[in-house]
Amino acid sequence: MTKNRIMKKYVAEFFGTFWLVLGGCGSAVLAANFGGEGNPLGLGFLGVSLAFGLTVLTMAYAVGHISGGHFNPAVSFGLFAGKRFSGSDLLPYVVAQVLGAIAAGAVILIIASGNGALDLSGPTPLATNGYGTHSPGGYGLLSALVTEIVMTFMFLLIIMGATDRLAPAGFGPVAIGLALTLIHLISIPVTNTSVNPARSTGVALFCGNGEIIAQLWLFWVAPIIGGILGGWVYATFFETAQDVRPLEPIEPAMKQ
C-alpha cells in the first residue's frame, strides 16, 4: 500500500470522527433545547439520538470505503480483537480519531459561544459524558460502567454482523447508524452516551470542569472493554467460516 493511500485512511478517520462529534454533540448543544423546554423547534432526546446515528451513516458511506469507517477508538479495538483490523494501524487510527474529535469540540465551542448564552458550569456542558452529578439522570459509577460496556459490546456485535461477507451488501452503514441511534435512546439518561472515547475527549477538554476531566477515564476504559469483548465474541461464535463464504471478485491490479 502506498504512503498516499495510508494517509488517506487516517485523514478519513479524522474527518469521520470530526463529523460524528460535530453532528452529534453539536445537535445536543445547539438544537436539543432550542427555544426552551417544550418548544417544538428543539430536537429533544429523540432528535439528538438520531443525529448521532446519521453522522455515522453518512460518513460510513462517504469515506468508509477508504478507512473502514471506524470513527471511534472502541470500534478500532473491537475490530482488532475480531481479527478484522491490523494492529499496526491501531495507534494511528486512535490518534486521528481523537484529533478529529478535538477539532469538532473546538468548532462547537466557538459556535455555541456566539450568542453569549453558553454555560460551561452545568452538569453536562458541551454534551459531555459523566456519572453521579454529571449524569443526566443522576446515575452512579456502576450504572455508567455497565451501560458503557454493554452498549459498546452490542455496537461491535452489530458492526461485525452488518459487515460480515454474508450480510446484505451495501446496507451495513444503515444498520450501524440505527444501532447508534438506539444506543443513545437507551443510555443518554445514564451517561449522556459515549461508547466512543474520542467523542468524550473531544468535548471534555473544552468544558473547563475538572470533575468531568477526572471522570474521563471511564469513557476510555469501559467502551474499549466492551468493544474488545464484542469483537472477540463475534469472531469466536458468529464469524462466517471461510469455506462457506462467497468468493471475492477478482479486482484488476491498481495502478500505482
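Our structure is the block above this text.
Residues numbered from 1 in each chain as written. Predicted model: local features only at pLDDT ≥ 70, side-chain atom pairs only at ≥ 80, totals over all residues. Heavy atoms only, no water.

A.B. asks: Whenever I open this one, the overall build of the protein confuses me. Can you help?
C.D. replies: Scanning the protein from N- to C-terminus turns up 9 helices and 0 strands. Ordered by position from the N terminus, the helices and strands of the protein form the series α-α-α-α-α-α-α-α-α. By the compact-globule yardstick of 18 Å for 256 residues, the protein fits well, its C-alpha radius of gyration being 18 Å. On the principal axes, the C-alpha backbone points of the protein span a range of 55 × 40 × 35 Å. Here the protein holds 256 residues, and the buried ones make up 48% of them. Considering only residue pairs separated by 6 or more positions, the protein has 78% of its internal contacts joining residues 24 or more positions apart. When the accessible surface of the protein is summed, it comes to about 12400 Å², and 70% of that surface belongs to carbon and sulfur atoms. (Helix = DSSP H or I, 4+ residues; strand = E, 2+ residues; numbered from the N terminus. Rg over C-alpha atoms; globule rule 2.2 N^0.38 Å. Buried < 20%, exposed > 50% of the residue type's maximum accessible area, 1.4 Å probe, protein only. Contact = heavy atoms within 4.5 Å. Areas by Shrake-Rupley, 256 points an atom, 1.4 Å probe, with all protein chains shown as cover.)

A.B. asks: Mind showing me how you'd approach the packing of aromatic side chains here?
C.D. replies: Centre distance and the angle of the planes are the two values used to describe a pair of aromatic rings. This model, assessed by the stated rule, comprises 5 aromatic pairs. Arranged with centres 5.8 Å apart and planes meeting at 50°, the rings of Tyr 234 and Phe 238 form a pair that is tilted. In this pair, Tyr 234 and Phe 238 both sit in helix α9 (residues 218–238), 4 residues apart, roughly one turn of the helix. Assessed through its relative accessible area of 10%, Tyr 234 is described here as buried. (Phe/Tyr/Trp six-rings, centres within 6.5 Å; stacked < 30°, edge-to-face > 60°.)

A.B. asks: Even after reading the chapter, I still don't get helix α4 (residues 90–112), so can you show me in this structure?
C.D. replies: At 3.6 residues per turn, the α-helix brings residues three or four places apart onto the same side. When the terminal C-alpha atoms of α4 are compared, their 33 Å separation across 23 residues agrees well with the 33 Å that a helix rising 1.5 Å per residue should span. Every buried residue of α4 is accounted for by Leu 90, Tyr 93, Val 94, Ala 96, Gln 97, Val 98, Gly 100, Ala 101, Ala 104, Gly 105, Ile 108 and Ala 112. For α4, the secondary structure elements touched by its buried residues are α1 (3–30), α2 (44–67), α3 (73–81), α7 (197–204) and α9. (Expected span 1.5 Å × (residues − 1).)

A.B. asks: Any chance you could explain the packing of helix α5 (residues 141–162) against helix α6 (residues 172–191) here in plain terms?
C.D. replies: A pair of packed helices is captured by two measures, namely the crossing angle of their axes and the spacing between those axes. Look at α5 against α6: their axes get within 9 Å of each other, and the N-to-C directions meet at 175°. What the angle tells us is that α5 and α6 run roughly antiparallel. Along its contact with α5, which presents Ser 143, Ala 144, Thr 147, Glu 148, Met 151, Phe 155, Ile 158, Ile 159 and Ala 162, the element α6 presents Gly 172, Ala 175, Ile 176, Ala 179, Leu 180, Ile 183, Ile 186, Ser 187, Val 190 and Thr 191. In the contact of α5 with α6, the residues fall into 13 nonpolar, 5 polar and 1 charged. (Axes fitted to C-alpha atoms, helices over the stretch in contact; angles between N-to-C directions. Parallel < 35°, antiparallel > 145°, perpendicular 65-115°, else oblique. Nonpolar A, V, L, I, M, F, W, Y, C, P; charged D, E, K, R; others polar.)

A.B. asks: What should I look at first to understand the pattern of salt bridges in this one?
C.D. replies: Note on pairing: side chains with opposite charge can pair once their charged atoms come close. All chains considered together, the criterion is met by 2 salt bridges. The salt bridge partner of Lys 9 is Asp 89, with a shortest N-O separation of 2.6 Å. Of this pair, Lys 9 sits in helix α1 while Asp 89 is found in the loop between α3 and α4, placing the two residues 80 residues apart along the sequence. Judged on exposure class, the residue Lys 9 and its partner Asp 89 are both buried. (Salt bridge = Lys/Arg side-chain N within 4 Å of Asp/Glu carboxyl O.)

A.B. asks: What should I look at first to understand the environment of Ala 198 in this one?
C.D. replies: Relative to the helices and strands, Ala 198 resides in helix α7. The sequence separation of Ala 198 and Phe 219 amounts to 21 residues, and the corresponding C-alpha distance is 8.9 Å.

A.B. asks: Would you mind going over the side chain of Asn 209 with me for this structure?
C.D. replies: The residue Asn 209 is located in the loop between α7 and α8 (210–214) in this model. Residues in contact with Asn 209, not counting those within four places in the same chain, are Gly 122 and His 134.

A.B. asks: Quick question: what am I supposed to make of the environment of Ile 108 here?
C.D. replies: By secondary structure assignment, the location of Ile 108 is in helix α4. Its relative accessible area of 1% is what places Ile 108 among the buried residues. A C-alpha to C-alpha distance of 7.6 Å links Ile 108 and Leu 126, two positions 18 residues apart in sequence.

A.B. asks: Just to check I follow, could you spell out the state of the cysteines for this structure?
C.D. replies: Disulfide: a covalent bond connecting the sulfur atoms of a pair of cysteines. Summed over the entire model, instances satisfying the criterion amount to 0 disulfides. The structure places no disulfide on Cys 25, whose sulfur is separated from the nearest cysteine sulfur, that of Cys 207, by 12 Å. Residue Cys 25 is classed as buried on the basis of its relative accessible area, which comes to 0%. A relative accessible area of 3% means that Cys 207 is categorised as buried. (Disulfide = S-S within 2.5 Å.)

On their own, these measurements won't tell you what the molecule is for.
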